[in-house]
Amino acid sequence: MNRRTFLRCGACALVALGGPPRFLVRTAAATAARGKVLVAVFQRGAVDGLSMVVPHGDPAYAAARQTIALRPPKRGEADRAVDLDGFFALHPGLAPLVPLWESRSLAIVHACGSPDTTRSHFDAQDYMESGSPGVKSTPDGWLARAVKGLPQPKASPFRAVALGPILPRALQGDVGAVAMASLDRFDVRAGDTGARGGFEALYARSVSDLLSGTGRETLEAVKMLRSADAARIPPANGALYPRGPFGESMRQIAQLIKANIGLEVAFADMQGWDTHVGQGAEQGQLAARLREFGGALAAFAQDLGDRMADVVVLTMSEFGRTVVENGNRGTDHGHATAMLALGGGVRGGRVYGRWPGLAREQRFEGRDLAVTTDFRTLFGEVARSHLGVPTAPLFPGWTPSRPPLGLFA
Amino acid sequence: MRRLAVAFLMLGALTGGGVPASGAGPGPGALGEEPTRGAPPLADDRRILHVLNRLALGPRPGDLERVRAVGVDAWIERQLHPETIADAATERALATLASLRLSIPEALRDYPRPEPKLREKLQAGQLTRQEMMELYPPEKRPFRITAELQAAKMLRAVESERQLQEVMVDFWFNHFNVFAAKGDVRWYVAAYERDVIRPNALGRFPDLVRASARHPAMLFYLDNWLSARPDFTVPAGGPKGGRKAGLNENYARELMELHTLGVDGGYTQADVTEVARAFTGWSIDRPQTEGRFAFRPRMHDTGEKVVLGHRIPAGGGQDDGERVLAILTHHPATARFIATKLVRRFVADTPPPPLVQRVAATYLSTDGDVRAMLRTIVAAPEFVSAEAYRAKVKTPFEFVASAVRALGATVDAQGAFDLARASAEIGEPLYQAQPPTGYPDRAEAWVNSGALLARMNFALALARSRYPRVAVDPGSLVTGADPRSPDAVLDRLLAALVAGQASAETRAVLTGELTNPQITRLTAEDRGPASTDVATLAALVLGSPEFQRR
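J.: Help me out: how do you make sense of helix H9 (residues 143-159) of chain B in this one?
T.: Helical geometry: 3.6 residues make up each α-helical turn, so side chains three or four residues apart lie on a common side. Compared with an ideal rise of 1.5 Å per residue, which puts 17 residues at 24 Å, H9(B) spans 24 Å between its outermost C-alpha atoms and is within 8% of the ideal. Burial of H9(B) is extensive: 14 of the 17 residues sit out of reach of the surface.

Below you can see the structure in the form of structure tokens.
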């Protein structure tokens, strides 16, 4: 018996004794239960909520925006905002979301935002992602704390995944969240060198601590992703994702969900909302962004089909934009904006939140849409009702002063 | 592959090593364990390697022998005085990065901001992207300043002989972090590192605080330049004329929480407001053309302030801020906070309290002398204890630099851009930490699946010469070893890459890999190895758990 044969038998013996890795077994169990999934989408750069969900019924709306106001909706006319309830309308770029509104899967929370008054993108994103407005030293993100509060113990290396090269602030913290630029790049790029097996042996052999534990899980995750062949799962139900990085992110999140590998919290960003100059109305710069945004969300819902019952998509942005158009046919940094919740048990077909009005004296500091719903009320409700997570640790030092929105049945 | 991997577990079990439990629980050498005093000190070569991993960005081939020759204490003393170390080659390599040497007004002039009108034209289709590119070629865009600074940081980390200086510049920039992509900071950031951080990196802590407080990069990043007495109205005439400005507490809060006292340093919200009042008027002169510190008396709150119980009488003007800095930098909480952060960087994620106390005492007796504090740390038994050995997980920046150094690779400014990109892919885009906390100095922040894979892939790409502008020759590391004897090749490789200090586990796995036909190619008759894939073996070492630690 030569050395190789001996090793091979040794390996057989070990597999017989040890069985598959612990988390693979747990994942199988979790898959059977078809866990809930939360997909958080960050519109970076502060989206103009007044163009996304147009308050055409507010008498001050059209007057505030000479060149960029959307014309009031008119039934049967293309390229017009789509009326929702006689007061609000969806931007025509979001038309693909209308069927979801009609089937009551899509809810909107308007005049939503942060109690902190900063108009700095970087501070406001930091506050929204840490879940602690005004406090910069919060070490971890609100989504990471949500992951910590999930009812089941860590079941899969893919439990929390951010699409993108770095882990967003919202998922930073001690929960082993994965940041991946793309599914097909989540691999050891070893060519035919045999290094993959070498790394497996190195991480399997080293002491058990955070580093090598994560290394073992990572290499198992790579194998898991390869064998699930998640990157090859095609869009279902004829879903067509728009081209661009956001559509790609949503397509890949859908692949991870359909691969049944234990995803519970996902995160994606979309850039390009900082429309200081030449914002446009039904057409133009912002319209192009909204088409990509709405198209990707609608394709995601179509792709997942019945599975959307287990999935909620929550969109957010660090603040909104000025009510009045500026001198460059754009808008400057404002305060409140609109956020969307889609899927799962969301009671959709309604615009939630109190409308503060757009008249000068109704605005925040005379210029911005006032915040009437603290973003933490919305985030907390989604985390509690959809994921079953206790909300107290999500937003340190905060107790809601208003009743819940009632977003879920 | 899987077969071999599992098989070596079996060998481990047979030799008494045991099969590691799955999961990520704490274990020997795990994070957060506190070295106890009286633990066995490191043997000589291990101590040298430890010092090279902590006071430098890892050893290059031959460094162990060089430090052994001069003596480790003499080597440390020289590193504490970087001005005595010749470094002309590094300076020459940096010469192509022009923006590093520009004053702020020159940077504002040479890297103009794109006019909003052009962006509008582009969107309206009156200008093609090509035409826009010709007006603003990439080498003239403001981001270039940050990109060159990133490349310079990587280049110095790899090439500079003044290694401790680079470690301390990294440490203090991170402590006094500014985010290079926030507004006008992009034109100020290179000057900030060059004029504030670098000259004081081994100097006195109070000088660092004072220099950062009045630099436009910090004034802009933490908004103090806009902070004014509560009843101040911007004078008419300018674009924001008539707008009410007011007190901005951002800098005041971070100055105490992150720069000096620490979050538990005993200050209150009232102190934050008082400190913010003291700094009103510390502003920037013509931020978009000059970018110089300016004190604006009309924005300043002239009333009395009380900071941490110290009374600052009315009418102090610009001196109010200076007095606050003196109060804060002489405070025992500051000594404790700075000592804690230094010990965390150089010893362990959870700093041993007795050592923190001694370093804080050094701070107070030397008025915050950084050299003196570092001497206290490296002389401490906690520093050279077995528990501290390889207890820290390298940051992505430290990992990239140490891998390039371990291979004995050389890099020019162009290659350094690629290395900076690698650091970003592993999770640390240089000068891009958004929050004022800077990047974390604890393992948990850097250890996640995507980041670990990126480290393995970087090790593979680097060792297999996939970075064309980083000169790597793994074969040269094993010169003299008989290529037909894989064990000899491995020995020589480990001597070069990790000064021979591989753990028994790592050595066992790599020895096993030598029988992998993909790594050691056999002759047709299977009578013995013909050649060993040194590049892949080197990649395995650089991507191993052990090499992620320092």
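J.: Please clarify how the packing of aromatic side chains should be interpreted in this entry.
T.: Any pair of aromatic rings gets described here by the distance separating the centres and the angle formed by the planes. Overall, the coordinates contain 25 aromatic pairs over all chains when judged by the stated rule. Look at Phe87(A) and Trp355(A): their rings are 6.1 Å apart centre to centre, the planes differ by 70°, and that puts the pair in the edge-to-face class. With Phe87(A) in the loop between strand S3 (82-83) and strand S4 (89-90) and Trp355(A) in the loop between strand S11 (351-352) and strand S12 (373-374), the pair connects residues that are 268 residues apart, well separated along the chain. Note on Trp355(A): relative accessible area 19%, which makes it buried. Ring centres 6.2 Å apart and planes at 75° place the aromatic pair Phe399(B) and Phe547(B) in the edge-to-face group. A residue pair is termed long-range when its members are at least 10 positions apart, and Phe399(B) in helix H20 (residues 396-406) and Phe547(B) in the segment after helix H27 (534-543) qualify at 148 residues. Among the residues examined, Phe399(B) registers a relative accessible area of 0% and is labelled buried. The exposure class assigned to Phe547(B) is buried, which follows from its relative accessible area of 7%. Taken together, the ring pairs in this structure connect Trp142(A), Phe375(A), Phe379(A), Phe395(A) and Trp398(A) into an aromatic cluster. The side chain of Arg214(B) reaches across the aromatic face of Phe293(B), ending 4.2 Å from its centre.

J.: In this structure, what is going on with the domain arrangement of chain B? I would like to understand it.
T.: Interface size is commonly expressed as the accessible area that is lost once the parts come together. Under the domain assignment, chain B is made up of domain 1 (222-348 + 350-388) and domain 2 (476-548). Here domain 1 of chain B and domain 2 of chain B have C-alpha centroids that lie 52 Å from each other.

J.: I tried to follow the side chain of Asp58(A) on my own but got confused; where do I start?
T.: Residue and element names in this part refer to chain A. Tracing the backbone through its elements, the reader meets Asp58 in the loop between strand S2 (53-54) and helix H4 (61-64). Although Asp58 is buried, it forms no salt bridge, and the closest oppositely charged side chain is Arg363 at an N-O distance of 8.3 Å. Of the polar contacts made by the side chain of Asp58, one reaches the backbone nitrogen of Ala60; its length is 2.9 Å. When near neighbours in sequence (up to four residues on either side) are disregarded, Asp58 contacts Phe87, Trp355, Gly357 and Leu358.

J.: Honestly, the nonpolar core in this entry has me stumped. Any pointers?
T.: Across soluble globular proteins, nonpolar side chains have a tendency to be buried as a group. Core analysis: the biggest nonpolar cluster contains 255 residues, and Phe300(A), Met168(B), Trp172(B) and Phe458(B) have the highest contact counts within it. The two domains that each donate at least three residues to this core are domain 1 (222-348 + 350-388) and domain 2 (476-548) of chain B. Excluding anything up to four places from it in sequence, Met168(B) contacts Ala201(B), Leu202(B), Leu342(B), Phe346(B), Val370(B) and Leu374(B). Phe42(A), Leu143(A), Ala179(A) and Phe379(A) belong to the second-largest nonpolar core, a separate cluster that totals 43 residues.

J.: What should I look at first to understand the pattern of salt bridges in this one?
T.: Where charged atoms from two side chains of opposite charge approach closely, those side chains can pair. Counted according to the given criterion, the structure contains 58 salt bridges over all chains. With a shortest N-O distance of 2.7 Å, Asp368(A) and Arg119(A) are connected by a salt bridge. Taken together, the positions of Asp368(A) in the loop between S11 and S12 and Arg119(A) in the loop between strand S5 (106-113) and helix H6 (121-130) put the pair 249 residues apart, joining distant regions of the chain. Look at Asp368(A) and you get buried, because its relative accessible area is 0%. On the accessibility criterion, Arg119(A) (24% relative accessible area) is partly exposed. Here Glu161(B) makes a salt bridge to Arg60(B), at a shortest N to O gap of 3.5 Å. Of this pair, Glu161(B) sits in the loop between H9 and helix H10 (163-175) while Arg60(B) sits in the loop between helix H2 (44-54) and helix H3 (63-70); the two residues are 101 residues apart in sequence, bridging distant segments of the chain. Judged by its relative accessible area of 36%, Glu161(B) is partly exposed.

J.: Would you mind going over the sheet that holds S3(A) with me for this structure?
T.: Paired through backbone hydrogen bonds, the strands of a sheet run either parallel or antiparallel to each other. All names here are of chain A. Strand order across the open sheet formed by three strands is S2-S4-S3, with antiparallel pairing between neighbours. Edge positions in the open sheet fall to S2 and S3, since each of these has one partner strand only. Direction of pairing for S2 relative to S4: antiparallel, over a ladder of two bridges. By the bridge assignment, Val53 is partnered in S4 with Leu90.

Thresholds applied
Residues numbered from 1 in each chain as written. Chains lettered and ligands numbered in written order. Predicted model: local features only at pLDDT ≥ 70, side-chain atom pairs only at ≥ 80, totals over all residues. Heavy atoms only, no water. Helix = DSSP H or I, 4+ residues; strand = E, 2+ residues; numbered from the N terminus. Expected span 1.5 Å × (residues − 1). Buried < 20%, exposed > 50% of the residue type's maximum accessible area, 1.4 Å probe, protein only. Phe/Tyr/Trp six-rings, centres within 6.5 Å; stacked < 30°, edge-to-face > 60°. Lys NZ or Arg CZ within 6 Å of the ring centre and 35° of its normal. Domains from an automatic or database assignment. Lys, Arg positive; Asp, Glu negative; His and termini not counted. Salt bridge = Lys/Arg side-chain N within 4 Å of Asp/Glu carboxyl O. Polar contact = N/O pair within 3.5 Å; in protein donor to acceptor, adjacent residues only side chain to side chain. Contact = heavy atoms within 4.5 Å. Core = buried A, V, L, I, M, F, W, Y, C linked by side-chain atoms within 4.5 Å. Pairing = 2+ DSSP bridges.

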